[in-house]
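Okay, here's what each chain looks like letter by letter:
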Amino acid sequence: MKKLILSIVVAASSFFSNAQSQLATLTAESGNRSLEQANCWGFGATTYSNLEFRINGNWSLRSNALTNASLTACWVKSPWIKPGSGNITMKVRLENDRGTSRGMVFQYVPYDPNAVSNFKEGTATSFYTYNWATPLDIWVKDISVPVPAAIANSGQPYKILISYVGSGGTSRAFSDDLFIPGTYWSDPSNAYCLPLPTIKDTDSDGVADNEDAYPNDSKRAYDNFYPAAGKGTIMFEDLWPTTGDYDFNDFVASFRQQVVLNAKNKVVELKLNMTVRAIGASFHNGFGIQLDNISPKQVISVTGANTGKTDWLKVESNGTESGQTYANIIAFDDAFRVLPSPGGSGVNVDPANPYAKPVDLDLVISFDAESEKALELKDIQINPYLIVNQDREKEIHLPNMVPTDLANQKLFGTGQDDSNPSKEKLYKSKNNLPWAIVVPSEIPYPQTKVDFLQVYQYFGKWAESSGFSSEDWYENKKGYRDEDKMYIEK
Amino acid sequence: MKKLILLVALVPVLLSSCKKDLIEKANLDSNQKVTTEFKKLNVKQDFDWSSVKLVDFKVLGLQTMATINRTLKVSSLDGKATYFTATHQMDQDMLTKITLPKNVKEVKVTYGSIEKVVSSTTSEIKFDFIPVSTEE
């Protein structure tokens with residue numbers, strides 16, 4: 001047998017238990033009272049002890065010295081239970097025989113939703129008192145107390161409160177093997193361990209309506225966004241492997257990715273909203289994403305891509321690009337077809353030229369969330385890239401992101417590029433500068449030919465300090481940006 | 001005794017070393033020459049250009065008497081940005097990855113009505129269900 005045991009019947013509920021009732025045991029053998037507290041037990045001036053006076057196993061409950069008649073001095077309180085019939089049983093002993101009197105008072109505490117306390121406990125009612133015979137002794141006593149008829153099988157939640165009392169001397173009480181017949185009815189996911197709530201789940205997917213992003217759709221339950229709030233910005237220089245003017249506006253897009261999970265945390269869809277904002281180049285660049293380490297076979301379908309008939313683009317029936325080990329989706333093959341020039345050089349980079357309203361593009365990539373190989377959130381790693389001027393072999397990625405199978409790696413190390421896969425250096429120049437930047441915020445970009453550092457005053461400090469300073473360089477704080485040099489979107 | 005003396009002798013040296021590092025870092029911050037051209041940036045090869053970080057999110061399960069399934073959420077302290085949300089069975093351990101902006105130093109983890117603020121300054125966020133209170 002073990003020290004502190006509570007065997008109770010666990011509630012049958014789709015949210016809070018298995019489909020069928022089961023017996024559960026809670027034991028002080030954990031040696032860590034906090035674990036029981038997390039399961040909604042309460043303790044007042046009682047600890048776990050492995051001293052020699054323990055009753056069974058390695059641990060027992062040990063009270064402070066019982067020199068107080070107050071019922072709130074030393075106590076143990078059960079979680080909310082729906083009491084059954086039968087006896088509450090436990091083993092107790094005193095640590096020594098020094099003391100005038102020692103006893104235990106058994107009480108039940110009703111649930112009171114109107115109680116002021118966060119724990120919503122009503123007034124306790126005493127139903128049994130056990131007094132040690134005098135003179136006191138140290139022998140183990142078996143206690144057996146009937147569950148009061150007033151609460152047995154009532155269907156209402158109660159807590160059982162056992163108070164230890166006494167006067168004179170130093171003796172403490174050890175307790176063990178506590179058993180309360182009943183159905184566990186506490187919610188350990190509630191900070192105050194309130195009784196299990198009634199939960200509405202319209203689509204029966206196991207996620208409560210108030211926590212379900214899709215309460216009427218059993219195939220979807222959660223949305224995970226990146227960035228977590230608002231949109232991010234991705235910006236490219238497109239002359240790779242040659243460096244350019246570093247205005248980082250050759251292609252600019254805002255984006256937000258949304259990973260839709262079902263109730264089993266499997267990925268149902270990946271949605272990518274892009275807003276093409278600027279093309280500060282004459283190149284007709286394409287844009288794609290690689291889902292690193294995800295096979296194209298895991299994709300069911302792709303919708304929302306804006307591609308025409310081009311020689312270099314071959315797409316499988318599921319919407320992924322042909323000839324790739326990992327799933328690649330070409331969002332568009334020519335930025336100018338998504339955001340046509342309204343006149344002048346480039347689009348939305350020169351204030352003197354007409355403004356073109358940014359254009360949204362919504363990619364939806366669907367997966368089989370029911371298969372054995374269904375993806376999880378951590379599997380989704382998006383690797384975005386630019387396809388330079390209709391040359392499928394020429395990709396520009398974020399620094400240190402891998403090229404796709406269709407990239408020509410012979411271009412590595414040419415021009416100003418210093419990529420060297422064996423040294424895990426990719427898409428960086430000889431002085432370690434990138435051709436693409438991404439930030440988790442929607443930010444303005446420089447006007448044409450304006451150096452990025454002229455707009456973002458703390459970017460250089462951030463980069464040169466290896467990120468130790470000015471991590472917030474992209475935020476819109478006083479003195480962080482030179483607005484005169486930014487392209488102001490209308 | 002010898003060990004104690006050695007330790008005492010080393011303390012000023014160690015403190016002095018730490019102090020020197022701090023002073024050098026402060027000087028770097030305040031006296032750093034501002035580079036105004038991108039192409040002239042002096043950047044170390046191992047610099048991570050990303051403004052976000054991928055951190056491990058570890059949940060230590062709690063053995064419960066009933067099977068509890070609720071939504072586990074990681075958010076900003078003001079709750080305006082949710083970095084992760086998924087269902088979680090309370091008695092299960094979990095390890096996943098979360099993307100956070102690098103300037104986020106603390107996040108709020110919510111499960112049911114349990115809320116804890118945890119540090120996100122390292123590459124790992126840890127969460128458990130053990131209550132902070134001592135007597136209830």
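Structure's up top.
Residues numbered from 1 in each chain as written. Chains lettered and ligands numbered in written order. Predicted model: local features only at pLDDT ≥ 70, side-chain atom pairs only at ≥ 80, totals over all residues. Heavy atoms only, no water.

Of the regular secondary structure elements, chain B holds one helix and seven strands. Going residue by residue from the N terminus, the α and β elements of chain B occur as α-β-β-β-β-β-β-β. Counting every position in chain B, which comprises 136 residues, the buried fraction comes to 40%. Sequence separation of at least 24 residues holds for 55% of the intrachain contacts in chain B that already meet a minimum separation of 6. Working note: accessible area of chain B is about 8,000 Å², and carbon and sulfur atoms make up 58% of it. (Helix = DSSP H or I, 4+ residues; strand = E, 2+ residues; numbered from the N terminus. Buried < 20%, exposed > 50% of the residue type's maximum accessible area, 1.4 Å probe, protein only. Contact = heavy atoms within 4.5 Å. Areas by Shrake-Rupley, 256 points an atom, 1.4 Å probe, with all protein chains shown as cover.)

A few words now on the overall build of chain A. Secondary structure assignment for chain A yields four helices and 25 strands. Within chain A, the proportion of its 490 residues that are buried is 55%. Of the contacts made within chain A by residues no fewer than 6 positions apart, 69% connect residues no fewer than 24 positions apart. When the accessible surface of chain A is totalled, it reaches about 20,100 Å², and 48% of it is carbon and sulfur.

Now for the nonpolar core. Within the largest apolar cluster, 90 residues are counted, with the highest numbers of intra-cluster contacts made by A:F251, A:F332 and B:F57. The contact partners of A:F332, leaving out residues within four places of it in the chain, are A:F251, A:M274, A:V276, A:N285, A:G286, A:F287, A:N306, A:T307, A:V338 and A:L361. Counting 32 residues, the second largest nonpolar core, distinct from the first, contains A:Y48, A:V92, A:I151 and A:Y164. (Core = buried A, V, L, I, M, F, W, Y, C linked by side-chain atoms within 4.5 Å.)

All names here are of chain A. Here the structure, examined in full by the defined rule, presents one disulfide over all chains. Note on cysteine connectivity: C40 is disulfide-linked to C193, with sulfurs 2.1 Å apart. Judged by the sign of its S-S torsion, about -80°, the cystine formed by C40 and C193 is left-handed. Linking C40 in the loop between α1 (33-38) and β3 (42-44) with C193 in the loop between β14 (182-184) and β15 (222-226), this pair joins segments that are 153 residues apart in sequence. Across the pair, exposure class does not vary: C40 and C193 are buried alike. (Disulfide = S-S within 2.5 Å.)

Moving on to the side chain of A:R481. All names here are of chain A. Here R481 lies in the segment after α4 (459-464). Within polar-contact distance, the side chain of R481 engages the backbone oxygen of Y474 at 2.8 Å. Contacts of R481, omitting those with residues within four sequence positions, involve I443, P444, V455, Y456, Q457, Y474, E475, N476 and M486. (Polar contact = N/O pair within 3.5 Å; in protein donor to acceptor, adjacent residues only side chain to side chain.)

Comment: phi is negative for the bulk of residues other than glycine, and the bulk of peptide bonds are trans. Residues and elements named next belong to chain A. Going from T134 to P135, the amide bond is cis rather than trans, its omega being -5°. Counting through the fold element by element, P135 comes out in the loop between β10 (125-131) and β11 (141-146). Geometrically, the link from Y226 to P227 is a cis peptide bond, its omega value of -5° lying close to zero. Here P227 shows up in the loop between β15 and β16 (232-236). If you check the backbone angles, N432 has positive phi at about 70° while not being a glycine. Examined against the element boundaries, N432 turns out to sit in the loop between β24 (395-397) and β25 (436-439).

What follows is about the sheet that holds β11(A). Residue and element names in this part refer to chain A. Spatially, the five strands line up as an open sheet ordered β4-β5-β13-β8-β11, and their pairing is antiparallel. Sheet topology places β4 (46-49) and β11 at the edges, where each strand pairs with a single neighbour. For this sheet, the mean angle separating the axes of adjacent strands, direction not counted, is 35°. Bridge count between strand β8 (residues 87-94) and strand β13 (residues 173-179): five bridges; the pairing is antiparallel. Bridged to R93 within β13 is F174. (Pairing = 2+ DSSP bridges. Axes fitted to C-alpha atoms, helices over the stretch in contact; angles between N-to-C directions.)

As a further point, take the interface of chain A and chain B. Taken residue by residue, the interface counts 81 residues in chain A and 60 residues in chain B. Summed over both partners, the interface of chain A with chain B buries about 5,700 Å², with 54% contributed by carbon and sulfur atoms. Of all residues in chain A, the largest losses of buried area upon contact with chain B belong to A:S189, A:E464 and A:E471, amounting jointly to 11% of the total for that side. Taken together, the links from chain A to chain B amount to three salt bridges. Across the chain A-chain B interface, the total number found is 21 residue pairs in polar contact (both at pLDDT 80 or more). Broken down by element, the residue count for the side of chain A that touches chain B peaks at six residues, all from α4(A). (Buried area = accessible area lost by both parts, 1.4 Å probe. Salt bridge = Lys/Arg side-chain N within 4 Å of Asp/Glu carboxyl O.)

Residues and elements named next belong to chain A. Tallying each qualifying case throughout the model produces 28 salt bridges over all chains. Among the ionic pairs, K449 bridges to D245, the shortest N-O distance being 3.7 Å. Placement of K449 in the loop between β25 and α3 (452-455) and of D245 in the loop between β16 and β17 (251-261) is noted, with a sequence separation of 204 residues between them. Owing to a relative accessible area of 65%, K449 belongs among the exposed residues under this scheme. Two residues, K477 and D472, come together in a salt bridge whose shortest N-O distance is 2.6 Å. K477 sits in the partly exposed class, given a relative accessible area of 37%. Residue D472 is classed as buried on the basis of its relative accessible area of 13%. Connected through salt bridges with shared partners, the residues D217, R220, E269 and K271 form a single ionic network.

A separate point is the packing of aromatic side chains. Applying the stated criterion across every chain yields a total of 42 aromatic pairs over all chains. Note on A:W473 and A:Y474: the rings are 5.4 Å apart at their centroids and 90° apart in plane angle, and the pair reads as edge-to-face. Members of the aromatic cluster, connected to one another through ring pairs, are A:Y246, A:F248, A:F452, A:Y456, A:F459, A:W462, A:W473, A:Y474, B:F38, B:F47 and B:W49. Taking the ring centre of A:W185 as reference, the NZ or CZ of A:K82 above it sits at 3.7 Å. (Phe/Tyr/Trp six-rings, centres within 6.5 Å; stacked < 30°, edge-to-face > 60°. Lys NZ or Arg CZ within 6 Å of the ring centre and 35° of its normal.)

All right, on to the sheet that holds strand β1 (residues 52-60) of chain B then. Residue and element names in this part refer to chain B. Spatially, β4-β1-β7 is the arrangement adopted by the three strands of the open sheet, whose pairing is mixed. The strands lining the two open edges of the sheet, one partner per strand, are β4 (94-101) and β7 (124-128). Each neighbouring strand pair of the sheet contributes to a mean axis angle of 30°, computed without reference to strand direction. Two elements, β1 and β7, share five bridges in a ladder whose sense is parallel. From the neighbouring strand, V59 faces β7, where its bridge partner is F127.

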